[in-house]
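Below are the chains, spelled out letter by letter.
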Amino acid sequence: MKIQSIGAIAFLTGLIFCILLALVLLHTTIITVILLVLGLIVGFLNIRDKDTTQFLLASIALIATSATPVGDLPIVGTFLQAVVYNFASFVGPVALVVSIYVIIKTIKLK
């Protein structure tokens, strides 16, 4: 199995995990740690030069969105807020790894 396939599986697992946890409205430290570890795995296994800029821009938008008061929406607000929070917890470490990769790559070019 290719490393990128493992990274893709880890990403889908993390995404599904984010949604399922939001459905049951669970939030504990261990869940956040699991999402962070999955995010690190995805970050290390899925880095490709052509996707870094687009991914980092999307990550910034997602993390900025996680601060909006989506939870105030009637009926679905709590669920949406939990999904966005979980997904930001998952994507944050991926963005960190990709950012460090881009910085190192940029420094080596000069």
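Look up: the structure comes first, before these words.
Residues numbered from 1 in each chain as written. Predicted model: local features only at pLDDT ≥ 70, side-chain atom pairs only at ≥ 80, totals over all residues. Heavy atoms only, no water.

Asks: Explanation requested: the packing of aromatic side chains in the structure shown.
Replies: The description of two aromatic rings rests on the distance between their centres and on the angle between their planes. Scanning all chains against the criterion turns up 3 aromatic pairs. Ring centres 6.3 Å apart and planes at 75° place the aromatic pair Phe11 and Phe87 in the edge-to-face group. Highlighted residues: Phe11 in helix α1 (residues 3–23) and Phe87 in helix α4 (residues 77–109), separated in sequence by 76 residues. Look at Phe11 and you get partly exposed, because its relative accessible area is 27%. Relative to Phe90, the ring of Phe11 lies with its centre 5.6 Å away and its plane at 40°, an arrangement referred to as tilted. One end of the pair, Phe11, is in helix α1; the other, Phe90, is in helix α4, and 79 residues separate them in sequence. Among the aromatic residues, those joined into a ring-pair cluster are Phe11, Phe87 and Phe90. (Phe/Tyr/Trp six-rings, centres within 6.5 Å; stacked < 30°, edge-to-face > 60°. Helix = DSSP H or I, 4+ residues; strand = E, 2+ residues; numbered from the N terminus. Buried < 20%, exposed > 50% of the residue type's maximum accessible area, 1.4 Å probe, protein only.)

Asks: Is there a simple way to think about the layout of surface pockets in this case?
Replies: If you roll a probe as big as a water molecule over the atoms, it shows you where there is empty space left. In this structure, the largest pocket encloses a volume near 320 Å³. If you go around the largest pocket, you meet 17 residues; those closest to its centre are Asn46, Asp51, Phe55, Val94 and Val98. At the level of secondary structure, the elements contributing two or more residues to the lining of the largest pocket comprise α2 (29–45), α3 (52–65) and α4. No other element matches the 6 residues that α3 contributes to the lining of the largest pocket. When grouped by side-chain class, the residues that make up the lining of the largest pocket number 10 nonpolar, 5 polar and 2 charged. (1 Å grid on protein atoms, 1.4 Å probe; cavity = no way out; pocket = protein on both sides within 12 Å on 5 of 7 lines; lining within 4 Å. Points joined across faces, edges and corners; volume = space filled by probe spheres on them. Nonpolar A, V, L, I, M, F, W, Y, C, P; charged D, E, K, R; others polar.)

Asks: Got a minute to help me understand α3 in this structure?
Replies: What sets the pattern is the α-helix's 3.6 residues per turn: residues three or four places apart point alike. Counted at 1.5 Å a residue, the expected span for α3 with its 14 residues is 20 Å, and the 20 Å between its end C-alpha atoms agrees. When we look at burial in α3, the residues that qualify are Thr52, Leu56, Ser59 and Leu62. Down the axis of α3, the smallest arc covering the buried residues is 125°, so these residues share one side. Exposed side of α3, more than 90 degrees from the buried face: Thr53, Gln54, Leu57 and Ile60 are the residues found there. (Expected span 1.5 Å × (residues − 1). Arc of directions from axis to C-beta.)

Asks: It is not clear to me how the nonpolar core should be interpreted in this structure. Could you clarify?
Replies: The tendency in soluble globular proteins is for nonpolar side chains to be buried as a group. Grouped together as the largest cluster of nonpolar side chains are 15 residues, with contacts concentrated most on Cys18, Leu35, Val42, Phe87, Phe90 and Val91. Going through the elements one at a time, α1, α2, α3 and α4 are the ones with two or more residues in this core. Discounting residues that sit within four places of it in the chain, Val42 has contacts with Gly7, Ala10, Phe11, Phe90 and Val94. (Core = buried A, V, L, I, M, F, W, Y, C linked by side-chain atoms within 4.5 Å. Contact = heavy atoms within 4.5 Å.)

Asks: What am I meant to see in a nonpolar patch on the surface here?
Replies: A surface patch of nonpolar side chains, amounting to about 560 Å² of accessible area, comprises Leu12, Ile16, Ile19, Leu20, Leu23 and Val24. With respect to the element layout, Val24 can be found in the loop between α1 and α2. (Patch = residues over 30% accessible without salt bridge, like charges linked within 9 Å, V, L, I, M, F, W, Y side chains within 5 Å. Areas by Shrake-Rupley, 256 points an atom, 1.4 Å probe, with all protein chains shown as cover. Salt bridge = Lys/Arg side-chain N within 4 Å of Asp/Glu carboxyl O.)

Asks: Looking at this structure, I do not really get the environment of Lys2. What am I missing?
Replies: For Lys2, the location among the structural elements is in the segment before α1. Taking the C-alpha atoms as reference points, Lys2 and Ile30, separated by 28 residues in sequence, lie 29 Å from one another.

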